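Coordinate analysis (summary)
As a plain string of letters, each chain reads:
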Amino acid sequence: MTITRRSMLTLSVGAAIGVVAGVRSGPAAASAEDAMAKVMEFAGGSEPATGTITLDAPEIAENGNTVPISVSVESPMTDGDYVESVAIFADGNPSPEVITFNFTPMSGEASATTRMRLAKTQNVIAVAKTSTGQVFMDKKEVKVTIGGCGG
Amino acid sequence: MAAVKPRVKGPKSASAGEVITIKTLISHPMESGQRKDNDGNAIPRQIINKFTCEFNGQMVFSCDIDPAVSANPYLEFTAKVNEAGSFKFTWVDDDGSVYTDEKEIALK
């Protein structure tokens, strides 16, 4: 490849972005292992199954400061069988915990929506625990254009 | 800090057994504890760490909140209405303050 004026420009711009990104990396992020450890702790030893739980998050979040997420779990929500709690984790934030929703049969449905911060592109994980001891999990990758943890 | 103002939106009436959606928002900076001020000192964490919703004294929905929740925390959840009564919403701040709001609901 011959080095043209154009390719040289592209390269130098790329390098400059790399340097800026490096300087701005900010506080140490939780690793995916940390997040999984939290998930397993929440699950209380049982292996989370997929399905039943749906996590809704945007594919691309322009602003990591407010990313809308909603979670819903299919459940009869009766006294004998209901979703006790749903925890949301993010594997690239400074700490993986985001929020834990606690439901009761009075909730009628196991669904909730909130807005969260995402420091960078990462996986958002939702884990549900039912009163009968079942554990379900869903995971979504959210691409973040501008991170939302200050610094 | 600007005055913390809770807001709740939900139907005024519902038929017995209906599942209604309630939306809440509270103005709060949700200082994560990760940010630094201009002198490089860490700004201490101050967030709403707990939210609960009770109906006629019975727990309906609650959540434990971590700093990863956005400023002015917004929550949307459902509740099953079997009788007329009042919802009580409570937000707990890291500094110990408790903010509450109430909402009446009638049966259709």
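Before any of the text, the structure's been laid out above.
So, here's what we can say about the structure. In this text the structure is predicted, and so the values were computed from the model without any measurement.

Bringing the overall build of chain B into the picture now. Scanning chain B from terminus to terminus reveals 0 helices and 8 strands. Along chain B, from the amino end to the carboxyl end, the secondary structure elements read β-β-β-β-β-β-β-β. Projected onto its principal axes, the C-alpha positions of chain B cover 60 × 20 × 20 Å. Of all 108 residues assigned to chain B, the portion counted as buried reaches 42%.

Glancing now at the nonpolar core. In this structure, Val86(A), Ile88(A), Phe101(A), Phe51(B), Phe61(B) and Phe87(B) are the most contacted members of the largest nonpolar core, which totals 56 residues. Residues within four places of Phe87(B) in sequence aside, it is in contact with Ile20(B), Ile22(B), Cys53(B), Glu54(B), Phe55(B), Val60(B), Ala79(B), Val81(B), Asp101(B), Glu102(B), Lys103(B) and Ile105(B). Counting residues in each nonpolar core, the second largest holds 9 residues, with Phe42(A), Ala43(A), Ala87(A) and Phe89(A) among its members.

The phi torsion at Met77(A) lies on the positive side, around 55°, for a residue other than glycine. Take Met77(A): it is sitting in the loop between strand E3 (67-73) and strand E4 (83-90). Note on Met77(A): relative accessible area 5%, which makes it buried. With a phi angle near 50°, Met30(B) is a residue other than glycine that sits in the positive phi range. Position of Met30(B) relative to the elements: it lies in the loop between strand E3 (18-26) and strand E4 (48-55). By relative accessible area, Met30(B) is classed as buried at 0%.

With that settled, the discussion passes to the packing of aromatic side chains. For the structure on display, the rule yields 11 aromatic pairs over all chains. Pairing Phe87(B) with Phe89(B) gives two aromatic rings, centres 6.1 Å apart and planes at 20°, and the pair type is stacked. Across the pair, Phe89(B) and Phe87(B) agree in class, each one buried. Members of the aromatic cluster, joined through ring pairs, are Phe101(A), Phe103(A), Phe51(B), Phe55(B), Phe61(B), Phe77(B), Phe87(B), Phe89(B) and Trp91(B). Here Arg115(A) stacks its cationic end above the ring of Tyr74(B), 4.4 Å away from the centre of that ring. Here the guanidinium or amino end of Lys129(A) rests over the ring plane of Phe42(A), the centre of that ring lying 4.5 Å away.

Residue position: Ser70(B) is located in the loop between strand E5 (58-65) and strand E6 (74-81). Accessibility expressed as a relative area gives 1% for Ser70(B), which makes it buried. Only 2.6 Å separates the side chain of Ser70(B) from the backbone oxygen of Asn65(A), close enough to count as a polar contact.

Turning next to the environment of Asp64(B). Mapped onto the fold, Asp64(B) is located in strand E5. With 18 residues separating them along the chain, Asp64(B) and Gln46(B) place their C-alpha atoms 14 Å apart. Filtering out sequence-adjacent residues up to four positions away, Asp64(B) remains in contact with Ile99(A), Thr100(A), Asn102(A), Asn49(B) and Lys50(B). Of the polar contacts made by the side chain of Asp64(B), one reaches the side chain of Lys50(B); its length is 3.1 Å.

Once that is clear, we can look at helix H2 (residues 32-43) of chain A. All names here are of chain A. For H2, spanning 12 residues, the distance from its first C-alpha to its last is 16 Å, which sits close to the expected 16 Å at 1.5 Å a residue. Packed against the buried residues of H2 are E4, strand E5 (97-103), strand E7 (122-130) and strand E8 (135-146). Looking one or two residues beyond H2, the residue adopting positive phi is Gly44, at roughly 65°.

The subject of this paragraph is the pattern of salt bridges. All names here are of chain A. Under the defined criterion, the tally for this structure stands at 5 salt bridges over all chains. The salt bridge partner of Lys38 is Glu97, with a shortest N-O separation of 3.0 Å. Pair noted here: Lys38 is in helix H2 and Glu97 is in strand E5, with a separation of 59 residues, a long-range link. Glu97 gets classed as partly exposed once you look at its relative accessible area, which sits at 22%.

Conventions and cut-offs
- Residues numbered from 1 in each chain as written.
- Chains lettered and ligands numbered in written order.
- Predicted model: local features only at pLDDT ≥ 70, side-chain atom pairs only at ≥ 80, totals over all residues.
- Heavy atoms only, no water.
- Helix = DSSP H or I, 4+ residues; strand = E, 2+ residues; numbered from the N terminus.
- Buried < 20%, exposed > 50% of the residue type's maximum accessible area, 1.4 Å probe, protein only.
- Core = buried A, V, L, I, M, F, W, Y, C linked by side-chain atoms within 4.5 Å.
- Contact = heavy atoms within 4.5 Å.
- Phe/Tyr/Trp six-rings, centres within 6.5 Å; stacked < 30°, edge-to-face > 60°.
- Lys NZ or Arg CZ within 6 Å of the ring centre and 35° of its normal.
- Polar contact = N/O pair within 3.5 Å; in protein donor to acceptor, adjacent residues only side chain to side chain.
- Expected span 1.5 Å × (residues − 1).
- Salt bridge = Lys/Arg side-chain N within 4 Å of Asp/Glu carboxyl O.

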